[in-house]
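Coordinates in review
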Protein chains: 4
Amino acid sequence: MVSLNCLADVCLIPIGTGHASVLDEVTLITQLARELHLSTTLHSAGTTIEGPWSEVMDLIGQMHEKVHQHGVIRIQSDIRVGTRTDKKQTPQDKIDIVEKKLKNI
Amino acid sequence: MVSLNCLADVCLIPIGTGHASVLDEVTLITQLARELHLSTTLHSAGTTIEGPWSEVMDLIGQMHEKVHQHGVIRIQSDIRVGTRTDKKQTPQDKIDIVEKKLKNI
Amino acid sequence: MVSLNCLADVCLIPIGTGHASVLDEVTLITQLARELHLSTTLHSAGTTIEGPWSEVMDLIGQMHEKVHQHGVIRIQSDIRVGTRTDKKQTPQDKIDIVEKKLKNI
Amino acid sequence: MVSLNCLADVCLIPIGTGHASVLDEVTLITQLARELHLSTTLHSAGTTIEGPWSEVMDLIGQMHEKVHQHGVIRIQSDIRVGTRTDKKQTPQDKIDIVEKKLKNI
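The model shown is predicted, which means the values in this text are computed figures rather than measured ones. (Residues numbered from 1 in each chain as written. Chains lettered and ligands numbered in written order. Predicted model: local features only at pLDDT ≥ 70, side-chain atom pairs only at ≥ 80, totals over all residues. Heavy atoms only, no water.)

This part takes up the overall build of chain A. Secondary structure assignment for chain A yields three helices and four strands. Starting at the N terminus, the α and β elements of chain A follow one another as β-α-β-β-α-β-α. Along the longest, intermediate and shortest principal axes, the C-alpha atoms of chain A span 50 × 35 × 20 Å. Across the 105 residues of chain A, 59% fall into the buried class. Within chain A, contacts between residues at least 6 apart in sequence are counted, and of these 71% link residues at least 24 apart. Accessible surface, chain A: about 4300 Å² in total, of which carbon and sulfur atoms supply 52%. In chain A, which carries 11 positive and 13 negative side-chain charges, the distance between the mean positions of the two groups comes to 9 Å. (Helix = DSSP H or I, 4+ residues; strand = E, 2+ residues; numbered from the N terminus. Buried < 20%, exposed > 50% of the residue type's maximum accessible area, 1.4 Å probe, protein only. Contact = heavy atoms within 4.5 Å. Areas by Shrake-Rupley, 256 points an atom, 1.4 Å probe, with all protein chains shown as cover. Lys, Arg positive; Asp, Glu negative; His and termini not counted. Charge placed at Lys NZ, Arg CZ, Asp CG, Glu CD.)

Moving on: the relation of the copies chain C and chain A. Rotating chain C by 180° and translating it 0.0 Å along the rotation axis places it on chain A, where the RMSD comes to 0.0 Å. A rotation of that kind, with that shift, is consistent with a two-fold axis. Closest approach to the rotation axis among the C-alpha atoms of chain C is made by I79 of chain C, whose C-alpha sits 2.4 Å away. Take the interface residues of chain C: 100% of them recur as interface residues in chain A, which is what a same-surface contact looks like. (Least-squares fit on C-alpha atoms with pLDDT ≥ 70 in both.)

Under the fitted operation, chain B is carried onto chain A by 0.0 Å of movement along the axis and a turn of 180°, and the coordinates agree to an RMSD of 0.0 Å. Most of the interface of chain B is mirrored in chain A: 100% of its interface residues are interface residues there too.

Every contact between the two is made by 31 residues of chain B and, on the other side, 31 residues of chain A. Summed over both partners, the interface of chain B with chain A buries about 2600 Å², with 61% contributed by carbon and sulfur atoms. The interface formed by chain B and chain A includes eight salt bridges. Here E99 of chain B and R34 of chain A are joined by a salt bridge, their closest N and O atoms 2.8 Å apart. Scanning the region where chain B abuts chain A turns up twelve residue pairs in polar contact (both at pLDDT 80 or more). Sorting the residues of the side of chain B that touches chain A by element identifies β1 (5-15), α1 (23-35), β2 (39-43), β3 (46-52), β4 (74-84) and α3 (91-103) of chain B as the ones contributing at least two each. In terms of residue class, the side of chain B that touches chain A is built from 14 nonpolar, seven polar and ten charged. (Buried area = accessible area lost by both parts, 1.4 Å probe. Salt bridge = Lys/Arg side-chain N within 4 Å of Asp/Glu carboxyl O. Polar contact = N/O pair within 3.5 Å; in protein donor to acceptor, adjacent residues only side chain to side chain. Nonpolar A, V, L, I, M, F, W, Y, C, P; charged D, E, K, R; others polar.)

Moving on to the sheet that holds β4 of chain B. Across the sheet, eight strands lie side by side as β2(B)-β3(B)-β1(B)-β4(B)-β4(D)-β1(D)-β3(D)-β2(D); this open sheet has antiparallel pairing. Looking at which strands have only one partner, the edges of the open sheet turn out to be β2 of chain B together with β2 (39-43) of chain D. Adjacent strand axes in the sheet meet at a mean angle of 20° when their direction is disregarded. Two elements, β1 of chain B and β4 of chain B, share nine bridges in a ladder whose sense is antiparallel. Considered in β4 of chain B, the bridge of A8 of chain B is made with V81 of chain B. (Pairing = 2+ DSSP bridges. Axes fitted to C-alpha atoms, helices over the stretch in contact; angles between N-to-C directions.)

On average, residues of chain A score 92 in pLDDT, and 100% of them are at 70 or above. Predicted as a complex, the structure gets a pTM of 0.95 and an ipTM equal to 0.94. (pLDDT = per-residue confidence, 0-100.)

So, about the side chain of T27 of chain A. Mapped onto the elements of the fold, T27 of chain A is located in helix α1 (residues 23-35). In this structure T27 of chain A comes out as buried when scored by relative accessible area, which is 2%. Not counting residues up to four positions away in its chain, the partners in contact with T27 of chain A are V98, K101, L102 and I105 of chain B.

The eight strands are arranged β2(A)-β3(A)-β1(A)-β4(A)-β4(C)-β1(C)-β3(C)-β2(C) in an open sheet whose pairing can be described as antiparallel. Sheet topology places β2 (39-43) of chain A together with β2 (39-43) of chain C at the edges, where each strand pairs with a single neighbour. Strand-to-strand twist across the sheet, computed as the mean angle between neighbouring axes with direction ignored, equals 20°. Where strand β1 (residues 5-15) of chain A lies against strand β3 (residues 46-52) of chain A, six bridges are found, and the strand directions are antiparallel. The residue bridging C6 of chain A from the neighbouring strand is G51 of chain A, located in β3 of chain A. Against the sheet, helix α1 (residues 23-35) of chain C touches β1 (5-15) and β2 of chain C, its axis set at about 155° to β2 of chain C.

Right, let's talk about the environment of M57 of chain B for a bit. Within the secondary structure, M57 of chain B is located in helix α2 (residues 53-69). Among the residues examined, M57 of chain B registers a relative accessible area of 1% and is labelled buried. Apart from the residues lying within four places of it in its own chain, the contact partners of M57 of chain B are I79 and V81 of chain B together with W53, M57 and I79 of chain D.

A few words now on the pairing of strand β4 (residues 74-84) of chain D. The element β4 of chain D is largely enclosed, with a buried count of eleven among its eleven residues. Residues R74, Q76, D78, R80, G82 and R84 of chain D of β4 of chain D are buried on one face, and the alternating residues I75, S77, I79, V81 and T83 of chain D, pointing to the opposite face, are buried as well. Two strands pair when backbone bridges link them, and β4 of chain B and β4 of chain D are joined in this way by eleven bridges, in the antiparallel orientation. Within β4 of chain D, the position partnered with I75 of chain B by the bridge is T83 of chain D.

This is the structure in structure tokens:
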């Protein structure tokens, strides 16, 4: 168990489904993410999840399990995950400080 | 030159800067991205860019050049890039269809 | 706990260290990986780890913890992780079948 | 055109092919990579390419084009790309210094 807080951004890709759309799979995992108490944000290139390392990674593992149960044989995910020990930052904080700085240039 | 249209999501990380903040670098590359005619969206885990392959990749290369000029010796980026031949989809389209489907479940 | 078997490839980047080299950090995490019973392979763009989902992700979390203990304030990792329900494949198997097919073309 | 030297590691995923194997696609792009003069290395989680930014990114774009020509409608790639201004390092150099340091601990 790793309790270190993290911000993870996951992009999950079903392989071998026979159709180019990934809508069903993204809907399934977004639904799963929103049922939990972890804070998640959907954007066009992935889903951002905030919380303790093991809980976040277990959620992503459950996404894989759910998509496999839905009939997908193979799944590949790309996860960008950051940890820091100096301060806590929400996904929105990270955007806000950039926009604020751009306004002041 | 590759003219195939793509959606790229880039997360750029300066290495060896001596401080944990990446605000300066993200501001620099966001500024660069907004000066161009390519459509870009900033989110908490990266910047999404839409356009012809070579133009998008050149923009990301220019981001590296600009951050190096700013004094950063080493840079690592993660780029998620998608192409499709069946239809054109904006980053917002990709979010909208998921949200719509979730509402109808 | 997610027991689904996975192949994960991790590229860990320390931020704000004040020097461009990441040798110390890569050595630390490679050492940690080799102490465990999970199968790991170091390549030039990351480390590949094979095993049950939660064990693999916990190992990567422990890598972050160890690098933080070493004094690094902020860390960003990129993890490519694949799962499949049809068969088990080692990292070497994946390379071998491509090389074999290329020889037969 | 961006002439900055880079080390890029690409993992290309065909979507909607109807079968879990990606062997055909990986063979195609490995063949394409080896026809060119850029230095490339195949490993279990991707292909590492070394060279000037625009040439490397054009090669990856050509990989997408070739896989589309092969009939794949949608493709997603993950690219890890690094640039540095202090020294040139080959993929093998990066592995060798870690192994050397581990031996001396």
